[in-house]
Amino acid sequence: MIAVVALIKIIVVVLVVLGAVAYLVLLERKISAYMQDRIGPNRVGPKGMFQPFADILKLVLKELIVPEQANGFVHALAPVISITVALSALAVIPFGNYIVIGGQKISLMIANVNIGVLYILAMSSLGVYGITLSGWSSNSKYSLLGGLRSSAQMISYELSLGLSIIGVLMIDGTLRLDRIVTAQGSGLWNIVYQPLGFLVFITAAFAETNRLPFDLPEAEPELVGGYHTEYSGMRWGLFFLSEYTSMIVSSALIVTLYFGGWSLPYVDYAAMFPNIAAIIEIVTFLAKTGIFIFIYMWVRWTLPRFRYDQLMNVGWKIMLPLAIVNLLGTGAVLLAVK
Amino acid sequence: MTNNGNGKIKPKMTFWEKLYFPEIIHGMTITMKAMFRPKFTRQYPEERWNPPPVFRGRPVLVVEDETGVERCVACGLCARVCPSLAIQVQAAETELDKERYPELFEINMLRCIFCGFCEEVCPEEAIIMSKDFELTFSEPKDAIFGKDKLLIPRSQLEDRLEFLKQYR
Ligand code: SF4
Ligand code: SF4
């Protein structure tokens, strides 16, 4: 029974996320167009609404080209690692509290593990394997450089990412994401207590998802396409999917950790009919996540790319000390309060 | 900006600029404002563009409306000056006053670079740049425009002729 429920939840979440990715691509193209005084795709279907289907069809129909000197197996494996890891991180994100079906409480997260935060950190660090392996296996200098940059970048930013989360963990005293949400639901959101930690986290999250201004592994002007230079067709599509999926995941994580997840201040869900409450919770969560996804895109079309040495400087000389200061400060305040 | 002596230019920044985040927010407000600016996109196939007379579209041969005869005297200057060797002229004799006319006049539109030299060099103002920029072919041989496509009545080219009179 539990397995069936979990399976259904997985299928629903994966389908929703993949559908969302298709439309996020369209949204990103629209946003970039509007920020550059253009209109963006508007030919396929009304207002370009069917553009994602055309895009997907194109990707599926394209020829898969594997470079002659490439390591075929790893070349095929890398995009699969990327997408698997990106999707797995969704497993511990709470989309709502619980719904009641047939008198049974079903919690609105796929797996309620008690090390949720650690699990997400682990998954996001595994993501670098997909990128590094793809860079290595394609036997092309651009891919290799992209892969190397990506591993260096991930290592530098993983530290600040982890350290900035610890502040939240100290305040809420738990690694379970659902508890972190309920803890914030009854009081102020964590962003109020952790503004510095939030800034470090969001910057590190941008670097983790390889989005501009930290998209050095791709860096079109220098590296052609970076780690996915030698990919085509649906294998390239998988990298694309995983980039957007990890964008969704990190937006969801930002919301969960710092913006109260599915909870709203001054709304008492317990007084409501549970299923209605669940719907409101899910909508709240999706709306909050959507705002952060929009910010991701907004930043991408605003900021230029960092230079590689600047990236490392920011990572080690600014972000890491800031994260440590934040950690010590939080600890001192907590000690003083208790 | 200050030059620190070793050739590198270091921008001078205030404290707030060094903090970086306020500047990011500043940049983001600019892009957000840009989202609501009027758009420049022209919905091309539906919304067509009528180029100004200064525009150099494909070169065409002027035909006098009254007589139906092209102005060209097949001197071959345009073929000589064309930097991309796109023009081919074959002269023949005629009973008309101008004595010579082009039996064959071909422009290879895949070679033409729309430089307008042919127009400039022509002693008869017989070859001029039109406003036509929609040139698509499915086969290379379709791109060789013969007299059937090149001859255009003068009444359709008044804009450019007027422009040439004024500015050349
Ligand atoms: S230069 Fe003018 S007159 Fe001479 S061949 Fe060319 S189009 Fe004809
Ligand atoms: S426009 Fe220039 S390239 Fe084209 S036919 Fe005339 S001289 Fe040749």
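**Focus: the pairing of strand 3 (residues 59–63) of chain B**
Residue and element names in this part refer to chain B.
- Where burial is concerned, most of strand 3 is hidden: five out of the five residues are buried.
- Relative to strand 6 (residues 127–129), strand 3 is paired through three bridges, and the arrangement is antiparallel. Residue pairing across strands places proline 59 opposite methionine 129, the latter belonging to strand 6.

**A closer look at the environment of Ile120(A)**
All names here are of chain A.
- Counting through the fold element by element, isoleucine 120 comes out in helix 4 (residues 116–137).
- Note: C-alpha distance between isoleucine 120 and lysine 58 (62 residues apart in sequence) is 32 Å.
- Each residue touching isoleucine 120, except ones within four places of it in the same chain, is listed here: Ala89, Val92, Ile93, Leu177 and Leu253.

**Focus: helix 5 (residues 141–172) of chain A**
Residue and element names in this part refer to chain A.
- End to end, helix 5 covers 46 Å across 32 residues, agreeing with the expected 46 Å (1.5 Å per residue, within 8%).
- At tyrosine 157, helix 5 shows its maximal kink, close to 25 degrees.
- Of the residues trailing helix 5, glycine 173 is marked for its positive phi of about 65 degrees.

**Description of a nonpolar patch on the surface**
All names here are of chain A.
- On the surface, Ile56, Leu57, Val60, Leu61 and Met234 cluster together to form a nonpolar patch covering roughly 470 Å² of accessible area.
- Per-element accounting of the nonpolar patch gives the leading share, four residues, to helix 2 (residues 51–61).
- Looking at the secondary structure, you find isoleucine 56 in helix 2.

**Brief notes about the nonpolar core**
- Ranked by size, the top nonpolar core spans 75 residues in total, and within it Tyr157(A), Leu177(A), Phe198(A), Phe201(A), Leu257(A) and Tyr258(A) carry the most contacts.
- The leading source of residues in this core is helix 10 (residues 233–258) of chain A, at 11 residues.
- Filtering out sequence-adjacent residues up to four positions away, Tyr157(A) remains in contact with Ala204(A), Ala207(A), Glu208(A), Phe214(A), Leu311(A), Val314(A), Gly315(A) and Met319(A).
- Ranked by size, the runner-up nonpolar core spans 17 residues in total, among them Cys82(B), Ala86(B), Met109(B) and Cys122(B).

**Side note on the domain arrangement of chain B**
- Here the domain parsing of chain B yields domain 1 (2–35) and domain 2 (59–167).
- Relative placement of domain 1 of chain B and domain 2 of chain B: their C-alpha centres are 55 Å apart.

**Here's the deal with the packing of helix 8 (residues 195–208) of chain A against helix 12 (residues 308–337) of chain A**
Residue and element names in this part refer to chain A.
- Orientation of helix 8 relative to helix 12, taken along the N-to-C sense of each, is 145 degrees, at an axis distance of 9 Å. Classified by chirality, the crossing of helix 12 by helix 8 is left-handed. Counting all contacts with helix 8, which are made through Leu196, Gly197, Val200, Thr203 and Ala204, the residues of helix 12 involved are Met319, Leu322, Ala323 and Asn326.
- The residue inventory of the contact of helix 8 with helix 12, partitioned by class, reads six nonpolar, three polar and no charged.

**So, the site of ligand 2**
- Every residue near ligand 2 is listed here: Cys82(B), Pro83(B), Ser84(B), Ile87(B), Cys112(B), Ile113(B), Phe114(B), Cys115(B), Gly116(B), Phe117(B), Cys118(B) and Met129(B).
- A class-by-class count of the residues in the shell around ligand 2 yields 10 nonpolar, two polar and no charged.

**A few points about the site of ligand 1**
- Surveying the vicinity of ligand 1 reveals the residues Cys72(B), Val73(B), Ala74(B), Cys75(B), Gly76(B), Leu77(B), Cys78(B), Phe105(B), Cys122(B), Pro123(B) and Ile127(B).
- The class makeup of the residues in the shell around ligand 1 is 10 nonpolar, one polar and no charged.

**Describing the pattern of salt bridges**
Residues and elements named next belong to chain B.
- Overall, the coordinates contain 17 salt bridges over all chains when judged by the stated rule.
- A salt bridge links arginine 58 to aspartate 132; the nearest nitrogen and oxygen atoms lie 3.0 Å apart. Note that arginine 58 is positioned in the loop between helix 2 (21–35) and strand 3 and aspartate 132 in the loop between strand 6 and strand 7 (144–145), a separation of 74 residues in sequence.
- In this structure, the salt-bridge partner of glutamate 70 is lysine 98, at a minimum N-O distance of 3.1 Å. Residue glutamate 70 is found in the loop between strand 3 and helix 3 (77–81), and its partner lysine 98 is found in the loop between strand 4 (87–93) and strand 5 (100–108); the two are separated by 28 residues along the sequence.
- Glutamate 70 gets classed as buried once you look at its relative accessible area, which sits at 11%.
- We classify lysine 98 as partly exposed; its relative accessible area is 22%.
- One salt-bridge network, in which partners are shared between bridges, spans Glu64, Arg71, Glu125, Arg154 and Glu158.

**Here's the deal with the environment of Phe137(B)**
Residue and element names in this part refer to chain B.
- Tracing the backbone shows phenylalanine 137 in the loop between strand 6 and strand 7.
- Between the alpha carbons of phenylalanine 137 and leucine 110 there is a distance of 9.2 Å; along the sequence they are 27 residues apart.
- Among all residues touching phenylalanine 137, those that are not within four sequence positions of it are Met109, Leu110, Asp142, Ala143 and Phe145.

**Considering the interface of chain A and chain B**
- Contacts between the two partners involve 17 residues from chain A, matched on the other side by 18 residues from chain B.
- Contact between chain A and chain B buries roughly 1600 Å² in total, counting both sides, with carbon and sulfur atoms accounting for 66%.
- Considering only the side of chain A, the residues that lose the most area to chain B are Asp37(A), Arg43(A) and Trp298(A), jointly responsible for 36% of the buried surface there.
- Remark: the boundary between chain A and chain B carries two salt bridges.
- Between Arg43(A) and Glu46(B) there is a salt bridge whose closest N-O contact spans 3.1 Å.
- In this structure, the connection of chain A to chain B is made through nine residue pairs in polar contact (both at pLDDT 80 or more).

**A short note on the packing of aromatic side chains**
Residue and element names in this part refer to chain A.
- In total, this model carries 21 aromatic pairs over all chains according to the counting rule given.
- Pairing phenylalanine 206 with tyrosine 296 gives two aromatic rings, centres 4.3 Å apart and planes at 25 degrees, and the pair type is stacked. Here phenylalanine 206, found in helix 8, pairs with tyrosine 296, found in helix 11 (residues 274–300); they are 90 residues apart in sequence, far enough to count as distant. One exposure class covers both phenylalanine 206 and tyrosine 296, and it is buried.
- Between the aromatic rings of tryptophan 236 and phenylalanine 240, the centroid separation amounts to 4.9 Å while the plane-to-plane angle is 20 degrees, which identifies the pairing as stacked.

What counts, and at which threshold
Residues numbered from 1 in each chain as written. Chains lettered and ligands numbered in written order. Predicted model: local features only at pLDDT ≥ 70, side-chain atom pairs only at ≥ 80, totals over all residues. Heavy atoms only, no water. Buried < 20%, exposed > 50% of the residue type's maximum accessible area, 1.4 Å probe, protein only. Helix = DSSP H or I, 4+ residues; strand = E, 2+ residues; numbered from the N terminus. Pairing = 2+ DSSP bridges. Contact = heavy atoms within 4.5 Å. Expected span 1.5 Å × (residues − 1). Bend = angle between axes of the 7 residues up to and from the residue. Patch = residues over 30% accessible without salt bridge, like charges linked within 9 Å, V, L, I, M, F, W, Y side chains within 5 Å. Areas by Shrake-Rupley, 256 points an atom, 1.4 Å probe, with all protein chains shown as cover. Salt bridge = Lys/Arg side-chain N within 4 Å of Asp/Glu carboxyl O. Core = buried A, V, L, I, M, F, W, Y, C linked by side-chain atoms within 4.5 Å. Domains from an automatic or database assignment. Axes fitted to C-alpha atoms, helices over the stretch in contact; angles between N-to-C directions. Left-handed = near helix turned anticlockwise from the far one by under 90°. Nonpolar A, V, L, I, M, F, W, Y, C, P; charged D, E, K, R; others polar. Near = heavy atom within 4 Å. Buried area = accessible area lost by both parts, 1.4 Å probe. Polar contact = N/O pair within 3.5 Å; in protein donor to acceptor, adjacent residues only side chain to side chain. Phe/Tyr/Trp six-rings, centres within 6.5 Å; stacked < 30°, edge-to-face > 60°.

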